[in-house]
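# Reading the structure
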Amino acid sequence: MISERTIQQVRDLDIETVLKPYVELKKKGSSLMGLCPFHSEKTPSFSVSPQKNLYNCFGCRRGGDGIDFVMAKENLSFIEAVKKIASDNGIEIEEIGKDLSGEERAAARHKESLLATLDLIHKFYVDCLRANMEDECADARNYAYDRWSPGFCATSGIGYAPNNGKFFIEYCRNNGIDQEVLLELGLLKINESGNQYQLFRRCIF
């Protein structure tokens, strides 16, 4: 299991260092701008805030920190992205649990798995607000962008949970997240009739 210290060292890296192999950035005021590496464009809409250590594309609505960027660009899991960034930037990848018992190691791996799952699910909610073209997601996006700027929503990780649970279930199925894990995390609930239901529905958070 990768240590929290290693994860924090990766998070503390200047985001322009993490993005350097992927996008050429030029200073514009207090921000850095470049052509988005996620979609084709002629006018730069990819903005980086060195102060917040976050990126946001005003074109395709992607945003987040350096780990989020590498996850999306390289199609990696959270832990895989952390290890890649650490390796690319000379950060020692510290593993913990070598002196733990078999039961303790299993518990540590399970916790790591749950954290990675939460990261994936957060990405689902954020993507629903940014890019999902379903009517209810578009309505939620219009409401959110009327209150906050798209850049603020992207860099703050604001997302939307659709009322239609099929999107959430399909996403979890496609990413190998089973219902037992969702129940353990409290993202699925069971009512008095024994039916399962999604915890978050029609909410922006």
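Just so we're clear, the structure is a prediction, and the values are computed from it rather than from any experiment.

## A look at the overall build of the chain
Helices and strands together make up the secondary structure of the chain, namely nine helices and nine strands. If you line up the chain on its principal axes, its C-alpha atoms span 55 × 50 × 25 Å. As displayed, the chain offers around 11,900 Å² of accessible surface, 47% of which is attributable to carbon and sulfur atoms. Charge-centre separation for the chain: the mean point of 26 positive side chains lies 6 Å from the mean point of 30 negative side chains.

## Thoughts on the packing of aromatic side chains
Centre distance and the angle of the planes are the two values used to describe a pair of aromatic rings. One pass over the full model with this rule turns up 14 aromatic pairs. Above the face of the F38 ring, R62 is positioned so that its terminal group lies 4.5 Å from the ring centre. A cation sits over an aromatic face here: K73 above F38, 5.7 Å from the ring centre.

## Here we look at helix α6 (residues 135-147)
Taking 1.5 Å of rise per residue, the 13 residues of α6 would be expected to cover 18 Å, and the 19 Å separating its terminal C-alpha atoms lies within 8% of that figure. Regarding α6, the residues found buried are C137, A140, R141 and A144. The arc that holds every buried residue of α6, seen down its axis, measures 100°, which confines them to one face. Turned more than 90 degrees from where α6 packs its buried face, D135, D139, N142 and D146 sit exposed. For α6, the elements touching its buried residues are α5 (102-130), α7 (150-156), β6 (160-161) and β9 (203-204).

## Observations regarding the side chain of S3
Position of S3 relative to the elements: it lies in the segment before α1 (4-12). A relative accessible area of 3% means that S3 is categorised as buried.

## Regarding the packing of α5 against α6
Remark: α5 packs on α6, axes separated minimally by 7 Å, with the N-to-C direction vectors making an angle of 85°. One way to sum up the angle between α5 and α6 is to call them roughly perpendicular. The residues of α6 that touch α5, namely those facing C128, L129 and R130, are C137, A140, R141, A144 and Y145. Looking at the contact of α5 with α6 residue by residue, the classes come out as six nonpolar, no polar and two charged.

## Focus on the confidence of the model for the chain
Per-chain confidence: the chain averages 88 in pLDDT, with 98% of residues scoring 70 or above. Averaged pLDDT values for the elements of the chain fall to 78 in α7 and rise to 96 in helix α2 (residues 15-19).

## Side note on the nonpolar core
Most often, soluble globular proteins have nonpolar side chains that are buried together. By size, the foremost hydrophobic cluster in this structure holds 25 residues, and its most contacted members are L19, F46 and I67. Mapped onto this core, the elements with two or more residues apiece are α1, α2, β3 (46-49), β4 (54-57), α3 (66-74) and α4 (78-88). If you tally residues by element for this core, the top one is α4, at six residues. Setting aside chain neighbours within four positions, we find L19 in contact with F46, V48, Y55 and F69.

## Regarding the pairing of strand β2 (residues 31-34)
Where strand β1 (residues 26-28) lies against β2, three bridges are found, and the strand directions are antiparallel. From the neighbouring strand, K28 faces β2, where its bridge partner is S31. Where β1 folds back onto β2 in an antiparallel hairpin, the turn is made up of two residues, including G29, whose phi is positive at roughly 65°.

Calculation criteria
- Residues numbered from 1 in each chain as written.
- Predicted model: local features only at pLDDT ≥ 70, side-chain atom pairs only at ≥ 80, totals over all residues.
- Heavy atoms only, no water.
- Helix = DSSP H or I, 4+ residues; strand = E, 2+ residues; numbered from the N terminus.
- Areas by Shrake-Rupley, 256 points an atom, 1.4 Å probe, with all protein chains shown as cover.
- Lys, Arg positive; Asp, Glu negative; His and termini not counted.
- Charge placed at Lys NZ, Arg CZ, Asp CG, Glu CD.
- Phe/Tyr/Trp six-rings, centres within 6.5 Å; stacked < 30°, edge-to-face > 60°.
- Lys NZ or Arg CZ within 6 Å of the ring centre and 35° of its normal.
- Expected span 1.5 Å × (residues − 1).
- Buried < 20%, exposed > 50% of the residue type's maximum accessible area, 1.4 Å probe, protein only.
- Arc of directions from axis to C-beta.
- Contact = heavy atoms within 4.5 Å.
- Axes fitted to C-alpha atoms, helices over the stretch in contact; angles between N-to-C directions.
- Parallel < 35°, antiparallel > 145°, perpendicular 65-115°, else oblique.
- Nonpolar A, V, L, I, M, F, W, Y, C, P; charged D, E, K, R; others polar.
- pLDDT = per-residue confidence, 0-100.
- Core = buried A, V, L, I, M, F, W, Y, C linked by side-chain atoms within 4.5 Å.
- Pairing = 2+ DSSP bridges.

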